[in-house]
Amino acid sequence: MSAAPPVATTQDPTLPATRTAVLAIVALALGGFAIGTTEFVTMGLLPDIADGVQASIPSAGHVISAYALGVVVGAPTIAALGARLPRRSLAIGLMAAFIAGNTLSAVAPGYTSLVLARFVAGLPHGAYFGVASLIAASLVPAHQRGRAVSSVMLGLASANVAGVPAATWLGQHLGWRSAYWAVVVVGALSVVAVLAVVPSIPGRSEATIRSELGALRRPQVVLTLLVATVGFGGMFAMYSYIAPTVTDEAGTSAGFVPVVLLAFGLGGVLGTALGGRLADRALFRSLVGATIAVGLLLGVMVLAAGDIVALTLTVFAVAAAASTMVVLLQLRLMEVAGDAQMLGAALNHSALNAANALGAWLGGLVIAAGLGYRAPSAVGVGLAALGLVFLAASARLRHRTLAAG
């Protein structure tokens with residue numbers, strides 16, 4: 001179990017001034033805001049995109065899958081290849097690639113080109129959060145690193161509250177391509193901000209692709225990735241079908257769905273901020289607690305789905321617990337990855353996108369079996385419980401390692 005780190009009484013003279021650190025973290029979070037907006041806005045504009053590229057809605061859904069596949073492929077690959085590069089330069093390069101992918105999305109002439117463009121846009125996603133997390137952690141004392149990393153992740157969380165609704169509105173009124181152009185503008189602003197305020201930080205000159213990917217041979221890394229993929233998949237099992245749950249189970253009009261989505265976004269912001277503070281106190285214990293909370297709250301969702309007020313409050317709570325879990329998983333992977341911290345942080349996003357696919361697939365299976373829209377939340381309880389099994393194995397392995405050492 002991780003104990004709370006000692007509180008520093010003086011500022012490390014090698015660290016930048018507090019104002020510099022804050023501005024740098026805000027600049028990095030702005031890039032996260034752009035990434036979060038493009039990741040989720042496609043879902044809100046899917047019918048418009050389908051009409052625009054002459055595809056059915058199920059076929060247009062592959063546009064979302066292509067982005068997720070880009071994240072899964074790009075995160076470990078780019079993190080391993082880029083470990084030697086100066087970190088600010090790598091962050092800027094990744095955001096430039098992200099801008100290019102979204103520009104290609106905005107000008108894509110047809111369905112196939114759009115799918116390819118979304119794959120390209122997803123490639124830098126995980127590696128950006130990996131290097132941004134390392135930069136943020138390096139700018140603050142050790143006892144504040146959890147909060148620094150969670151502050152970068154707040155950009156992603158706040159996108160669901162502000163960026164996605166705004167880009168969706170823009171896409172509905174000015175055409176779906178305008179949403180991607182808006183993301184390009186925010187991405188460009190983040191590049192300017194990173195250039196202006198993020199200090200230059202060297203990469204790991206001794207890093208090699210083999211040494212970076214060697215982190216995947218660490219049992220603790222593998223176990224944590226399994227927690228992220230399986231344990232977090234429960235949230236996606238519920239959230240993937242939230243719209244029909246609101247209308248069919250709670251008996252409310254589709255017009256109330258945005259309110260529930262807003263509650264989810266606000267819960268995500270709260271949980272992301274909370275995750276950093278909990279990590280600075282007791283990382284592993286907090287991760288166990290967050291996983292338990294996600295499982296329990298998904299169980300509550302099974303019962304609450306019939307009442308719109310209870311459903312909305314539960315969605316808020318699930319989002320808060322799940323977002324706390326995301327930050328804790330990110331920091332846990334950075335902790336257990338050894339020298340390959342950037343790869344560890346990047347892999348978190350690969351695992352979370354795999355969790356998205358797993359949760360949505362399993363949720364669809366139980367719905368197709370005629371069990372109703374509450375059933376995906378029940379599946380989520382089981383997935384969270386399985387995540388706890390992997391956490392128990394991780395704790396047991398750590399205990400053995402300490403006893404042997």
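Residues numbered from 1 in each chain as written. Predicted model: local features only at pLDDT ≥ 70, side-chain atom pairs only at ≥ 80, totals over all residues. Heavy atoms only, no water.

Trainee: Quick question: what am I supposed to make of the overall build of the protein chain here?
Mentor: When helices and strands are tallied, the protein chain shows 16 helices and zero strands. Expected size for 405 residues packed as a compact globule is a radius of gyration near 22 Å; at 20 Å, the protein chain falls within 12% of this value. Along the longest, intermediate and shortest principal axes, the C-alpha atoms of the protein chain span 55 × 45 × 35 Å. A total of 405 residues make up the protein chain; the buried ones form 53% of that total. Long-range contacts, defined as pairs at least 24 residues apart, comprise 85% of the intrachain contacts of the protein chain with a sequence gap of at least 6. Counting every atom, the protein chain has about 16200 Å² of accessible surface; 69% of that belongs to carbon and sulfur. One finds the centroid of the 20 positive side-chain charges in the protein chain at a distance of 12 Å from the centroid of its 12 negative side-chain charges. (Helix = DSSP H or I, 4+ residues; strand = E, 2+ residues; numbered from the N terminus. Rg over C-alpha atoms; globule rule 2.2 N^0.38 Å. Buried < 20%, exposed > 50% of the residue type's maximum accessible area, 1.4 Å probe, protein only. Contact = heavy atoms within 4.5 Å. Areas by Shrake-Rupley, 256 points an atom, 1.4 Å probe, with all protein chains shown as cover. Lys, Arg positive; Asp, Glu negative; His and termini not counted. Charge placed at Lys NZ, Arg CZ, Asp CG, Glu CD.)

Trainee: What am I meant to see in helix α7 (residues 145–174) here?
Mentor: For an α-helix the count is 3.6 residues per turn, leaving residues at separations of three or four pointing the same way. When the terminal C-alpha atoms of α7 are compared, their 41 Å separation across 30 residues agrees well with the 44 Å that a helix rising 1.5 Å per residue should span. At Ala159, α7 is bent by approximately 60°, the largest bend along its length. Just past α7, the residue Gly175 takes up positive phi, approximately 100°. (Expected span 1.5 Å × (residues − 1). Bend = angle between axes of the 7 residues up to and from the residue.)

Trainee: Got a minute to help me understand the packing of helix α1 (residues 18–44) against helix α6 (residues 125–138) in this structure?
Mentor: Helix-helix packing is characterised by the crossing angle of the two axes and by the distance between the axes. Where α1 contacts α6, the axes come no closer than 10 Å and their chain directions differ by 160°. Here α1 is positioned roughly antiparallel relative to α6, judged by the angle of their axes. Classified by chirality, the crossing of α6 by α1 is left-handed. On α6, the residues that touch Ile25, Ala27, Leu28, Gly31, Gly32, Ile35 and Glu39 of α1 are His125, Tyr128, Phe129, Ala132, Ile135 and Ala136. Of the residues assigned to the contact of α1 with α6, the class counts are nine nonpolar, three polar and one charged. (Axes fitted to C-alpha atoms, helices over the stretch in contact; angles between N-to-C directions. Parallel < 35°, antiparallel > 145°, perpendicular 65-115°, else oblique. Left-handed = near helix turned anticlockwise from the far one by under 90°. Nonpolar A, V, L, I, M, F, W, Y, C, P; charged D, E, K, R; others polar.)

Trainee: Would you take a moment to explain the side chain of Ser394 for this structure?
Mentor: The topology assignment puts Ser394 in helix α16 (residues 375–404). Ser394 sits in the buried class, given a relative accessible area of 2%. At a separation of 2.4 Å, a polar atom in the side chain of Ser394 contacts the side chain of Gln220. Beyond its immediate sequence surroundings of up to four residues, Ser394 is in contact with Gln220, Leu223, Phe284 and Arg332. (Polar contact = N/O pair within 3.5 Å; in protein donor to acceptor, adjacent residues only side chain to side chain.)

Trainee: Where do I start with the side chain of Asn348 in this structure?
Mentor: Following the sequence through the fold, Asn348 ends up in helix α15 (residues 341–368). In this structure Asn348 comes out as buried when scored by relative accessible area, which is 0%. Residues within four places of Asn348 in sequence aside, it is in contact with Ala228, Val326, Leu329, Gln330 and Leu333.

Trainee: I tried to follow the confidence of the model for the protein chain on my own but got confused; where do I start?
Mentor: Reading fine detail from the predicted coordinates is not recommended where pLDDT is low. For the protein chain, the mean per-residue pLDDT works out to 88, and 96% of the residues sit at or above 70. Under a pLDDT of 50 for its full length, residues 1–11 has, in the predicted model, 20 contacts with residues more than four places off or in other chains. (pLDDT = per-residue confidence, 0-100.)

Trainee: Would you take a moment to explain the packing of aromatic side chains for this structure?
Mentor: With the rule as written, the count across this model stands at four aromatic pairs. When the ring of Tyr128 is compared with that of Phe129, the centres are 5.8 Å apart and the planes differ by 80°; the resulting orientation is edge-to-face. Taken individually, Tyr128 and Phe129 each receive the classification buried, so the pair is uniform in this respect. When the ring of Tyr239 is compared with that of Phe264, the centres are 3.9 Å apart and the planes differ by 15°; the resulting orientation is stacked. In this pair, Tyr239 sits in helix α11 (residues 233–239) while Phe264 sits in helix α13 (residues 257–304), placing the two residues 25 residues apart along the sequence. (Phe/Tyr/Trp six-rings, centres within 6.5 Å; stacked < 30°, edge-to-face > 60°.)

Trainee: It is not clear to me how the environment of Gly82 should be interpreted in this structure. Could you clarify?
Mentor: Position of Gly82 relative to the elements: it lies in the loop between α3 (57–81) and α4 (87–107). Taking the relative accessible area as the measure of exposure, Gly82 reaches 4% and is therefore buried. Remark: the alpha-carbon pair of Gly82 and Arg118, spanning 36 residues in sequence, is separated by 22 Å.

Trainee: Just checking my understanding: could you explain unusual backbone geometry for this structure?
Mentor: Glycine aside, the phi torsion of most residues is negative, and most peptide linkages are trans. Of note, the phi angle at Gln54 is positive, near 55°, even though the residue is not glycine. By the secondary structure assignment, Gln54 is in the loop between α2 (46–52) and α3. Of the residues examined, Gln54 reaches a relative accessible area of 68% and is grouped as exposed.

Trainee: Where do I start with α6 in this structure?
Mentor: The terminal C-alpha atoms of α6 lie 20 Å apart, and with 14 residues this matches the ideal 20 Å at 1.5 Å per residue to within 8%. By the criterion of burial, α6 is predominantly enclosed, with 13 of the 14 residues buried.

Trainee: Whenever I open this one, the pattern of salt bridges confuses me. Can you help?
Mentor: When the charged atoms of two side chains lie near each other, side chains of opposite charge can form a pair. Applying the stated criterion to the full structure yields three salt bridges. Among the ionic pairs, Arg332 bridges to Glu335, the shortest N-O distance being 2.7 Å. You can see Arg332 and its partner Glu335 sitting in helix α14 (residues 308–336), three residues apart, about one turn around the helix. By relative accessible area, Arg332 is classed as buried at 2%. A relative accessible area of 42% means that Glu335 is categorised as partly exposed. (Salt bridge = Lys/Arg side-chain N within 4 Å of Asp/Glu carboxyl O.)

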